[in-house]
Amino acid sequence: MKVLGINAIYHDPAAALVVDGRVVAAAEEERFSRRKHGKRPLPWSAWELPELSAAWCLAEAGIHPEELDAVAYSFDPALMGTPEESGLNDPGDVMRKMYAEKAPEFLAHALPGLDPAKVRFVKHHVAHAASAGLAAPTADNSVLVLDGRGEAHSHLAGRYVDGQLEILAGQALPHSLGLLYEDLTDHLGFLRSSDEFKVMAMASYGKPRFLGELSELVVATEDGGFRTPEIDFSEYAPRLTKGDDWTEDHADLAASVQQRVEEVLLDLARWLHAQTGDRTLTLAGGVALNCVANTRIFAETPFEDVWVQPAAGDSGTALGSALHVARVLGEQTEPMPGADLGRGWTDDEIEQWLRVAAIDYERPRDVADAVAEVLAANGIVAWFQGRSEYGPRALGRRSLLAHPGHEANLERMNNVKGREQFRPVAPMVLAERAPEIFSRGPIPSRYMLFVHDVAPEWRERIPTVTHVDGTARIQTVDRTEEPLVARMLECFERRTGLPIVVNTSLNTAGRPMVDDPRDALECFGSAPVDLLAIGPFVVRRPRSTLG
Ligand SMILES: [Fe+2]
């Protein structure tokens, strides 16, 4: 059984392919089109399809569109009311609904040979739920979808038993924790539905001074839902436009909203646990990328285990809708094998790219050790290995690496990427060494979706990755899952005594993550990076940035 999943309507268009119950490919459109987030989530772009990623998924598996058993589209226009019914009063919704209704024909046009009757609409939050509950390694679990919006809801609470979803609660619009956070992002001069993580970073610089007032406005309800009335943020701190300097008031507002959202999420998770008594909670939806909140859910609710879909935003609904429809068609599905579901190249193909670029390259005896040597000398390394990641995090496939022991490297990395200086960078750490250095969040933490406390005696040793509040957003590296990354970490530890390197995504500001070898060469060519490690090859910068 072959099911193609499509996310198109709002954010982060993406495609995923499930064959015989197994996820074989998944990718975001931005990695192909080279436009960050693929498109803006505007009503008049709702028709745009992830044509390039969908075509690649099929080509990767050697499948023609006419061979597909179904195409799962992660939005159901029949469930969408009028702008007045949703309470959002967004006239653009009329256009979104119309474009979604036409999606089968658009898809048949984009994928010649596809029968439009094979397209099935999947409720947006069921697609998110499946991306967590069916993709997680633990089969039976509770699931929370924490989102901006779907057809008529912003959240879903439920439970998977034997691959079947039972929906226990759903908060109707206009109440939405995701939209509340987006409104704040906009108020602080950042890009709505794109830069929310910057607000989370800013929050750690502030004090939750406005928490008392917000606690009366934003509240969980006894039926597993919540209320988010419209808030005039300018009562707390004046509106900023792009590039304005922020003040203590802005950081305090960010801290207050962040903390209130965390508290409401804790209430939602506790309510769900009271219904199910399950051991494992799975999370998806854009709000589930809030790693500070995720750690509190892990540390402060009765769930023993929390698993978050690495593509928790809308891109993950491509994978979720495909898994859901495979189940509806009677297929047993398997958990996702990892986040490395995108494009990859053979060594020969990579070497061909290097020859075409006519640059000097070497094939060291061990690329992991060659990289560790440059990192130990405080060089910056562009790391391009294996299949690219599905979701917004670099997890050791398309990464920019550095030494974590030099405080100046935070500024240096942010300069390489051309981004704000308050943005933290994160550590990757050998899984077996993590417990002695990091606490509070879950270990292992494979997908970098939680924050951990850095042990006081380690903070001075790894200042680059220790955030202002003493935390770090770690990725643990398991030797069996990521042998090459693990070896690089071991080689680095042998040279420096630190089982940790700085890991941030391989891209420059405003651009999608590097995906193919050409992107890697272009990024290396324009950014002050000392070494490109691409497959088994390395390319050295003739004039080192280390002077
Ligand atoms: Fe969503």
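Every value quoted in this text rests on a predicted model; they were computed, and no experiment measured them.

Criteria and cut-off values
Residues numbered from 1 in each chain as written. Predicted model: local features only at pLDDT ≥ 70, side-chain atom pairs only at ≥ 80, totals over all residues. Heavy atoms only, no water. Buried < 20%, exposed > 50% of the residue type's maximum accessible area, 1.4 Å probe, protein only. Helix = DSSP H or I, 4+ residues; strand = E, 2+ residues; numbered from the N terminus. Pairing = 2+ DSSP bridges. Core = buried A, V, L, I, M, F, W, Y, C linked by side-chain atoms within 4.5 Å. Contact = heavy atoms within 4.5 Å. Donors = N, O, S within 2.8 Å, 3.2 Å for Na, K, Ca; no water.

Turning our attention to the pairing of strand β20 (residues 500-505). The element β20 is extensively covered by neighbouring structure, given that 6 of its 6 residues are classed as buried. Bridge analysis of strand β14 (residues 398-402) against β20 gives 4 bridges, and the strand direction is antiparallel. Note on β20: the bridge partner recorded for Leu400 is Thr504. In terms of strand pairing, strand β15 (residues 426-430) meets β20 through 4 bridges, oriented antiparallel. Considered in β20, the bridge of Val429 is made with Ile500.

Right, let's get into the nonpolar core. Counting 89 residues, the largest nonpolar core has Leu144, Val257, Leu265, Leu281, Leu283 and Leu319 as its most contacted members. For this core, the element with the most residues is helix α9 (residues 248-276), which contributes 13 residues. In contact with Leu144, not counting residues within four places along its chain, are His155, Leu156, Ala157, Leu268, Ala269, Leu272, Leu281, Thr282, Leu283 and Ala284. Ranked by size, the runner-up nonpolar core spans 59 residues in total, among them Val465, Val477, Val502 and Ile534.

Time to look at the coordination of the iron ion. For a metal bound by four donors in a tetrahedral arrangement, the ideal donor-metal-donor angle is 109.5 degrees, while six donors in an octahedral arrangement ideally sit at 90 or 180 degrees. At 2.0 to 2.7 Å from the iron ion lie its protein donor atoms, namely His124 (NE2), His128 (NE2), Asp147 (OD), Asp147 (OD) and Asp314 (OD). Sequence spacing of the donor residues for the iron ion, all on one chain, is H-x3-H-x18-D-x166-D. Here Asp314 lies in the loop between β12 (305-308) and α11 (316-328) and His128 lies in helix α5 (residues 124-133), a separation of 186 residues in the sequence.

It is worth spelling out the pairing of strand β4 (residues 70-73) at this point. Every second residue of β4 is oriented toward a common face, with Ala70 and Ala72 on one face and Val71 and Tyr73 on the other, all of them buried. Bridge analysis of strand β1 (residues 2-7) against β4 gives 4 bridges, and the strand direction is parallel. If you follow Leu4 over to β4, its bridge partner there is Val71.

In this model, Leu173 is joined to Pro174 through a cis peptide bond whose omega is 10 degrees. Structurally, Pro174 can be placed in the loop between β8 (164-169) and α6 (177-187). Of note, the amide linkage connecting Ile443 to Pro444 takes the cis form, showing an omega dihedral of 5 degrees. Note that Pro444 resides in the loop between β16 (438-439) and β17 (452-454). Of note in this structure, Asp12 is not a glycine but carries a positive phi near 45 degrees. Looking at the secondary structure, you find Asp12 in the loop between β1 and β2 (14-19).

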